Amino acid sequence: MQLCGLMLANERVTLRSRLGFIGLGYLGSRIARRLVTAGFPMVVYDLDPAKAVELAALGAEVAEDPGKLTSAVDVVLTCLPDDHAVQAAYLGTGNVLNSAKPGARIIEMSTISLEASRQIHRAAMEFSVSALDVAVSGSTASAEAGTLTLFGGGDRVVFEEADAIFSAIAKQWFYMGPSGSGVAMKLVVNALLGVGMQAIAEAVALGSRLNLPRDLLLDTLAKTAVVAPAHLGKLASVKKHDYAPQFPLRLMRKDFGLILDAATQFGLWMPTTEAAAAINSAESASGIEEDFSAVVHRMERSAELEDVLPPVA
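Residues numbered from 1 in each chain as written. Predicted model: local features only at pLDDT ≥ 70, side-chain atom pairs only at ≥ 80, totals over all residues. Heavy atoms only, no water.

Enquirer: What am I meant to see in the nonpolar core here?
Expert: Generally speaking, a soluble globular protein has its nonpolar side chains buried in company with each other. One finds F21, L35, M42, I107 and I165 to be the most contacted residues of the largest nonpolar core, which totals 33 residues. For this core, the elements supplying multiple residues, two or more each, are strand 3 (19–22), helix 1 (26–38), strand 4 (42–45), strand 6 (75–78), strand 8 (130–137), strand 9 (148–153), helix 8 (156–161) and helix 9 (163–169). If we ignore the near neighbours within four places in the chain, the residues touching F21 are G28, I31, A32, L35, M42, V43, V44, Y45, L69, L77, C79 and M109. Core analysis: the second largest hydrophobic core is formed by 32 residues, V43, A89, V129 and L187 among them. (Core = buried A, V, L, I, M, F, W, Y, C linked by side-chain atoms within 4.5 Å. Buried < 20%, exposed > 50% of the residue type's maximum accessible area, 1.4 Å probe, protein only. Helix = DSSP H or I, 4+ residues; strand = E, 2+ residues; numbered from the N terminus. Contact = heavy atoms within 4.5 Å.)

Enquirer: Could you clarify how one ought to interpret helix 10 (residues 181–209) in this entry?
Expert: An α-helix turns once per 3.6 residues; consequently, residues spaced three or four apart project the same way. For helix 10, which comprises 29 residues, the first-to-last C-alpha distance of 43 Å matches the rise-based estimate of 42 Å (1.5 Å per residue) to within 8%. One or two residues past the end of helix 10 sits N211, with phi positive at roughly 65 degrees. (Expected span 1.5 Å × (residues − 1).)

Enquirer: Quick question: what am I supposed to make of the packing of aromatic side chains here?
Expert: Aromatic rings in a pair are described by how distant their centres are and how their planes are angled relative to each other. Tallying each qualifying case throughout the model produces 5 aromatic pairs. Note on F159 and F166: the rings are 4.9 Å apart at their centroids and 40 degrees apart in plane angle, and the pair reads as tilted. Both residues of the pair, F159 and F166, belong to the buried class. Here F166 and W173 contribute two aromatic rings whose centre-to-centre distance is 6.0 Å and whose plane-to-plane angle is 55 degrees, an arrangement assigned as tilted. According to the relative accessible area criterion, F166 is buried, its value standing at 0%. One aromatic cluster is present, formed by F159, F166, W173 and Y175 through successive ring pairs. (Phe/Tyr/Trp six-rings, centres within 6.5 Å; stacked < 30°, edge-to-face > 60°.)

Enquirer: Looking at this structure, I do not really get helix 14 (residues 271–284). What am I missing?
Expert: Helix length check: helix 14, at 14 residues, gives a terminal C-alpha distance of 20 Å against a target of 20 Å (1.5 Å per residue), a fit within 8%. Residues T273, A276, A277, N280, E283 and S284 constitute the buried set of helix 14. In a view along the axis of helix 14, the buried residues occupy a sector of 125 degrees, so they form one face of it. (Arc of directions from axis to C-beta.)

Enquirer: Before we go on, may I ask you to explain the sheet that holds strand 9 in this structure?
Expert: Strand pairing within a sheet occurs via backbone hydrogen bonds; the two strands may be parallel or antiparallel. Reading across from one edge, 5-4-3-6-7-8-9-10 is the order of the 8 strands in this open sheet, with mixed pairing throughout. If you trace the sheet from one side to the other, it starts and ends with strand 5 (61–62) and strand 10 (170–177), each paired once. Two strands pair when backbone bridges link them, and strand 3 and strand 6 are joined in this way by 4 bridges, in the parallel orientation. Counted as the bridge partner of L19 is V75 from strand 6. Packing of helix 10 onto the sheet brings it into contact with strand 8, strand 9 and strand 10, and relative to strand 8 it is tilted by some 15 degrees. (Pairing = 2+ DSSP bridges. Axes fitted to C-alpha atoms, helices over the stretch in contact; angles between N-to-C directions.)

Listed below in structure tokens is the structure:
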């Protein structure tokens, strides 16, 4: 039950709970759409008002600013690009924490640093607000299909009470531990995601140099046990030379930075990740909005150049 519009400490989130969603980018817009169509009363906000038009047509209310959104809802979800955007929303001009109702819940879904995640959690406690970091793993296609994987950090009871939200957007969700643990697991997963994509890029370039037919090479790779499920869809897109962003290269670059910063903090050497990050960064330098699988295109171009460059004396 709700009392005077406030969520009680041990209350489960239900379809009657009013949700607010801030950040309608590649993943956020699709997650918010799933929640609206699941039947949750929704308020949405993005810096670009045009991104809220489709959700408004589905029945969501569009807020003028994050603070007004927060004051009108029981649960605030955010899906933002980086530490700066998250900190601005909660602690800066977004005024989210200062506007939250006592007893409100926060589900922060951005891939950010552990320090920023824990900072939001500590600040939320000062406002009598429960904060979870629930990191998202999956592509835009997974978000549309409601088959994301979620990694949660924070209070376990609060996490379990939000399963109505999770079941609308994900096929599986895991409680990983205290505040920051969800983000930590996402960095582990994305280290494998980024390194794996670079490994595929190099393997495809090798196949090209060995004169394997490109389509046959990619089709056969997709049927082997060595390609992870997360990369299978990328092979189909690469086959068509389609690098339209599902998980943008610039966000993978940002995640590589978070991963390597964490490694440095704990004195961990990650040479393979460092090499993959360097190729990702070089491809990102073009400024073109591409999918992170565009490193395949870069390695194929590199292989083709071997045919035209003169031999080294």
